[in-house]
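Examining the three-dimensional arrangement
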Amino acid sequence: MEPREYLPAYLEREYLASHEGLTPAARELVHEEILRSPAKYAATEHAQALVAYAQAHENLMRELERMEDLPDEEFERRREQLFNRTRETLHSIGREDRLCVDARLVDIMLADVPIDACLNDLMHLESEVHDYLRAVPGFDEEAPHFWREDAQGADAAERTGSDPIMIGWLHTLEAISQLSLASARYRAAAEYARRVMRARGYTNRAVGTVLLALARLEDEDGFFACARDARPEDAVEDSPWFLLGRTLLLYKLGRRRNARRALRDFAARCEGGAFFLLNPTYLTPYLPVRPPVREAWELTHQAVWEADGIIVDTPDFVSWVSSIEGIEDESERFAQRYGF
């Protein structure tokens with residue numbers, strides 16, 4: 001979930017709490033003003049830290065996008081410089097405000113350390129923020145969506161969507177689940193992602209992590225149960241995570257005829273599916289979690305990128321994919337269409 005989504009909601013909530021009795025027209029004006037100039041409404045040190053993080057994050061992602069077409073050596077050099085500069089900024093923000101969770105989270109993820117060390121740091125951060133949330137009125141680990149209904153009737157989606165600390169905690173859980181998947185900790189990946197799935201008011205595709213983990217574990221019943229139990233708005237059975245996961249699952253179970261049909265379905269319904277399976281393509285690291293997409297094929301790229309370790313660990317899968325009639329042709333058509 002991007003800062004541009006949750007920061008205005010938080011600032012508006014804080015402003016309205018200290019300015020009771022505003023007319024509907026005045027509330028609408030405040031809403032529009034905050035969207036235009038959030039920094040003007042950062043009245044507390046915590047709000048100012050959140051604005052500073054949002055600016056640092058926006059600059060980081062913008063600069064990474066500008067580097068995409070650089071030669072490899074130049075890209076690596078400039079990316080390292082960018083990460084170091086950004087870490088200095090984020091470390092300063094997190095040192096001044098320990099509850100600016102996303103600043104601390106991205107700082108950890110930018111560190112050039114082995115994946116196990118990164119996971120360890122993420123788990124310490126998750127534990128610290130979770131302990132804080134347990135003391136927040138209304139937060140309830142046992143509630144379906146983590147919040148009890150408050151006296152004002154605010155629902156779980158409203159509470160979550162306007163609480164940067166809660167969102168930072170969910171980001172941390174999601175980052176742990178994705179790194180667990182990348183490091184072959186499949187049960188842990190599914191466990192952490194399932195916690196993220198419980199949230200409302202928080203944009204995420206954590207169900208994709210669960211589906212890939214269950215496919216790797218060859219848990220057919222769990223895989224299809226997860227798809228059935230997902231939120232209707234997630235449209236899971238049309239997602240590249242489900243369609244790719246189903247292909248991998250059936251292939252690993254040795255059901256080649258069904259796997260072939262699933263592969264063709266994935267290639268036909270997920271733009272770029274054939275191309276990204278046959279041509280592993282670099283994807284900017286998630287900082288902190290899956291970024292929003294502009295093109296449908298970017299979702300497919302994300303799903304295949306996240307499944308890379310599973311694909312590599314599945315003997316002969318890629319050569320089998322390339323042997324299926326029509327797959328290489330579809331890959332070539334996509335490459336020509338988008339200039340890959």
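Everything here concerns the structure above.
Here we summarise the structure given alongside this text. Owing to the predicted nature of the structure, the values given are computational and were not obtained by experimental measurement.

What counts, and at which threshold
- Residues numbered from 1 in each chain as written.
- Predicted model: local features only at pLDDT ≥ 70, side-chain atom pairs only at ≥ 80, totals over all residues.
- Heavy atoms only, no water.
- Phe/Tyr/Trp six-rings, centres within 6.5 Å; stacked < 30°, edge-to-face > 60°.
- Helix = DSSP H or I, 4+ residues; strand = E, 2+ residues; numbered from the N terminus.
- Buried < 20%, exposed > 50% of the residue type's maximum accessible area, 1.4 Å probe, protein only.
- Lys NZ or Arg CZ within 6 Å of the ring centre and 35° of its normal.
- Axes fitted to C-alpha atoms, helices over the stretch in contact; angles between N-to-C directions.
- Parallel < 35°, antiparallel > 145°, perpendicular 65-115°, else oblique.
- Contact = heavy atoms within 4.5 Å.
- Nonpolar A, V, L, I, M, F, W, Y, C, P; charged D, E, K, R; others polar.

Bringing the packing of aromatic side chains into the picture now. Tallying each qualifying case throughout the model produces 24 aromatic pairs. Where tyrosine 251 meets tryptophan 320, the ring centres are 4.9 Å apart and the plane angle is 45 degrees; that geometry is what we call tilted. With tyrosine 251 in helix 12 (residues 240-252) and tryptophan 320 in helix 17 (residues 317-323), this residue pair connects regions lying 69 residues apart in the sequence. What makes tyrosine 251 buried here is its relative accessible area of 7%. A ring pair is formed by phenylalanine 276 and tryptophan 297, whose centres lie 6.0 Å apart and whose planes are at 25 degrees; its orientation type is stacked. Pair noted here: phenylalanine 276 is in helix 14 (residues 273-278) and tryptophan 297 is in helix 15 (residues 296-306), with a separation of 21 residues, a long-range link. Assessed through its relative accessible area of 2%, phenylalanine 276 is described here as buried. Chaining the aromatic ring pairs together yields one cluster made of Phe275, Phe276, Trp297, Phe334, Tyr338 and Phe340. Between the NZ or CZ atom of arginine 159 and the centre of the ring of tryptophan 147, over which it lies, the distance is 4.0 Å. Taking NZ or CZ as reference, arginine 256 lies 3.9 Å from the ring centre of tyrosine 251, over its face.

Taken N-terminus to C-terminus, the directions of helix 10 (residues 206-216) and helix 12 make an angle of 5 degrees; their axes are 8 Å apart at the nearest point. Looking at the two axes, helix 10 sits roughly parallel to helix 12. Contacts between helix 10 and helix 12 involve Gly208, Leu211, Leu212, Leu214, Ala215 and Arg216 on the former and, on the latter, Trp241, Phe242, Gly245, Leu249 and Lys252. Its residues assigned to classes, the contact of helix 10 with helix 12 comprises seven nonpolar, two polar and two charged.

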